[in-house]
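Examining the three-dimensional arrangement
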Amino acid sequence: MIRKTGYGITTGAFLLGLLSILAFHSAERAEAAFNTDIIGQTAITSFKSMIDVLEFPPAADETDKVWVLTAPDGEAAFWWRREAEDGRMFDVYLCFDAEPFVNAGLDLDKLPMEMKGMLDRGKLMLGKKLSQEPLVYDGDITPLTSFEQIVKLDRDAVGYHAALDHYGVTVAEGNIVEWAKDMSKNDKDLVFVLDPKIFLDAGVDPGKVEGWAYAKVPLEDARGRQYEAEKFLKPFDLK
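A brief report on the enclosed structure follows.

Rules and cut-offs
Position numbers for residues start from 1 in each chain and track the written sequence from start to end. Only residues with pLDDT of 70 or above have their local features reported here, since the model is predicted, and side-chain atom pairs are shown and tallied only from 80 upward, although totals for entire chains, interfaces and linings are computed over all residues. Only heavy atoms go into the side-chain values, all of them from the structure, while hydrogens and water stay out. Labels follow the DSSP assignment, with helices taken as runs of H or I lasting at least four residues and strands as runs of E lasting at least two, numbered in each case from the N terminus. Working definition: with a 1.4 Å probe on protein chains only, accessible area under 20% of the residue-type maximum means buried, over 50% means exposed, and in between means partly exposed. The contact definition used throughout considers only heavy atoms, calling two residues in contact when any of these lie within 4.5 Å. Note on areas: these come from Shrake-Rupley sampling with a 1.4 Å probe, and a residue is covered only by the protein chains present in the view. The span you would expect from a helix comes to 1.5 Å times its residue count less one. Following DSSP output, two strands are said to pair if at least two bridges run between them. The pocket and cavity definitions rest on a 1 Å grid over protein atoms only: a 1.4 Å probe that fits but cannot leave marks a cavity, an open set with protein on both sides within 12 Å along at least five of seven lines marks a pocket, and residues lining either have an atom within 4 Å of a point. Grid points are joined across faces, edges and corners, and a volume is the space filled by probe spheres set on the points. Note on method: axes are straight lines fitted to C-alpha atoms, helices fitted across the in-contact stretch only, with angles between N-to-C directions ranging 0 to 180 degrees. Among the buried residues, those of types Ala, Val, Leu, Ile, Met, Phe, Trp, Tyr and Cys that are joined through side-chain atoms within 4.5 Å form a nonpolar core. Centres within 6.5 Å make a pair out of two Phe, Tyr or Trp rings, where for Trp the six-membered ring is used; the pair is then stacked when the planes are under 30 degrees apart, edge-to-face when over 60, and tilted otherwise. We call a charge positioned above a ring when the Lys NZ or Arg CZ atom is no farther than 6 Å from the ring centre and deviates by at most 35 degrees from the ring normal.

A few points about the overall build of the protein chain
- Of regular secondary structure, the protein chain possesses 6 helices and 12 strands.
- For the protein chain, with 239 residues in total, the buried portion stands at 39%.
- Pairs at least 24 residues apart make up 52% of the contacts formed inside the protein chain by residues separated by at least 6 positions.
- Accessible surface computed for the protein chain: about 13,600 Å², of which carbon and sulfur atoms make up 54%.

Things to note about helix 2 (residues 38-52)
- When the terminal C-alpha atoms of helix 2 are compared, their 21 Å separation across 15 residues agrees well with the 21 Å that a helix rising 1.5 Å per residue should span.
- Along helix 2, the residues classified as buried are Gly40, Ala43, Ile44, Ser46, Phe47, Met50 and Ile51.

Some words on the sheet that holds strand 3 (residues 76-81)
- Sheet architecture is open: 6 strands sit in the order 1-2-3-4-6-5, paired in antiparallel fashion. Edge strands, defined here as strands with exactly one partner in the open sheet, are strand 1 (59-61) and strand 5 (119-120).
- Strand direction decides the pairing type here: strand 2 (residues 66-70) and strand 3, joined by 5 bridges, are antiparallel. Paired with Thr70 across the strands is Ala77, a residue of strand 3.

A word on the layout of surface pockets
- In this model, the largest pocket occupies a volume close to 910 Å³.
- Considering the residues around the largest pocket, the lining is formed by 38 residues, among which His161, Ile176, Glu178, Leu219 and Glu220 are closest to the centre.
- Elements that contribute at least two residues to the lining of the largest pocket include exactly strand 7 (158-161), strand 8 (166-172), strand 9 (175-180), strand 10 (190-194), strand 11 (213-220) and strand 12 (226-236).
- The element that contributes the greatest number of residues to the lining of the largest pocket is strand 12, accounting for 7 residues.

A word on the sheet that holds strand 7
- Sheet architecture is open: 6 strands sit in the order 7-8-9-10-12-11, paired in antiparallel fashion. Strands with a single pairing partner mark the edges of an open sheet, and in this sheet they are strand 7 and strand 11. The average undirected angle you get between the axes of adjacent strands in this sheet is 40°.
- In terms of strand pairing, strand 8 meets strand 9 through 6 bridges, oriented antiparallel. Residue pairing across strands places Thr170 opposite Ile176, the latter belonging to strand 9.
- Contacting strand 7, strand 8, strand 9 and strand 10, helix 2 crosses the sheet at an angle of about 75° to strand 9.

Quick word on the side chain of Asp154
- Tracing the chain through its elements places Asp154 in the loop between helix 5 (143-153) and strand 7.
- Accessibility expressed as a relative area gives 9% for Asp154, which makes it buried.
- When residues no more than four places from it in sequence are discounted, the contact partners of Asp154 are Arg81, Leu130, Ser131 and Gln149.

Quick word on the side chain of Asp91
- One can find Asp91 in the loop between strand 3 and strand 4 (92-97).
- Sequence-distant contacts of Asp91, that is, excluding residues within four places in its chain, are made with Trp79, Trp80, Arg81, Lys128, Lys129, Leu130 and Ser131.

Overview of the nonpolar core
- Phe47, Leu69, Phe78, Phe96, Phe101 and Phe192 are the most contacted members of the largest nonpolar core, which has 48 residues in total.
- The element contributing the most residues to this core is helix 2, with 5 residues.
- Contacts of Leu69, omitting those with residues within four sequence positions, involve Phe47, Met50, Ile51, Leu54, Pro58, Ala76, Ala77, Phe78, Trp80, Leu190 and Phe192.
- Val66, Ala77, Tyr93 and Met118 belong to the second-largest nonpolar core, a separate cluster that totals 9 residues.

Re the environment of Glu99
- Structurally, Glu99 is set in helix 3 (residues 99-103).
- Taking the relative accessible area as the measure of exposure, Glu99 reaches 57% and is therefore exposed.
- Separated by 110 residues in the primary sequence, Glu99 and Val209 have C-alpha atoms spaced 9.0 Å apart.

A closer look at the packing of aromatic side chains
- Tallied over the full model, the rule gives 17 aromatic pairs.
- Between the aromatic rings of Phe47 and Trp80, the centroid separation amounts to 5.5 Å while the plane-to-plane angle is 85°, which identifies the pairing as edge-to-face. Of the two residues, Phe47 sits in helix 2 while Trp80 sits in strand 3, which places them 33 residues apart along the sequence. Judged on exposure class, the residue Phe47 and its partner Trp80 are both buried.
- By way of ring pairs, the aromatic residues Phe96, Phe101, Phe199, Trp212, Tyr214 and Phe232 are connected into one cluster.
- Above the plane of the ring of Trp67 lies Arg82, whose end atom (NZ or CZ) is 5.5 Å from the centre.

Right under this line is the structure:
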């Protein structure tokens, strides 16, 4: 039975109207939060500055519907989604050559199950699924506007590393692509960061991985406490 409200409309219609109003104001609040998010906005402007000086700018991969930012040495890359793609396993990836790790003792059979499926044509890949929300563009689809979508829809994936004055996107726990807030004051303008645990557990000698430094990195936990953790690093000075 359909009941009438005191305003001469059905309860169902009233609720639909109310939900529409709430959704509209929720979107307004989300947009306002995005526009006033200093870390998020600076992550965008610094990302633009970084990709603007790359010798080879991010390229569109038409098959996977992603942007591909390739490291200057060609041995690592950052992928991020360009268009919505049903059935995609991940939205952001770190892709890197397997050979330096294999030569340093990596036993591919000892990699975690979820990573074994991410070995393709000599490349290892780490990634994660981000927001289920659709990508909505106001204008052209570019590497920067797609990156803005990450900040807007998946804000927790974007962070600031105070010790190195870097912004970054976490593509899997402890695995990050970072870039300098100000390249004129930093000699590590672009850095690919890998958590070493899965590689050490699979037999890698960390001192023998060519093209990657193995070093302690200053970090900060959720409570603001300082600590250090060892990482594989592939840094580049772009300017």
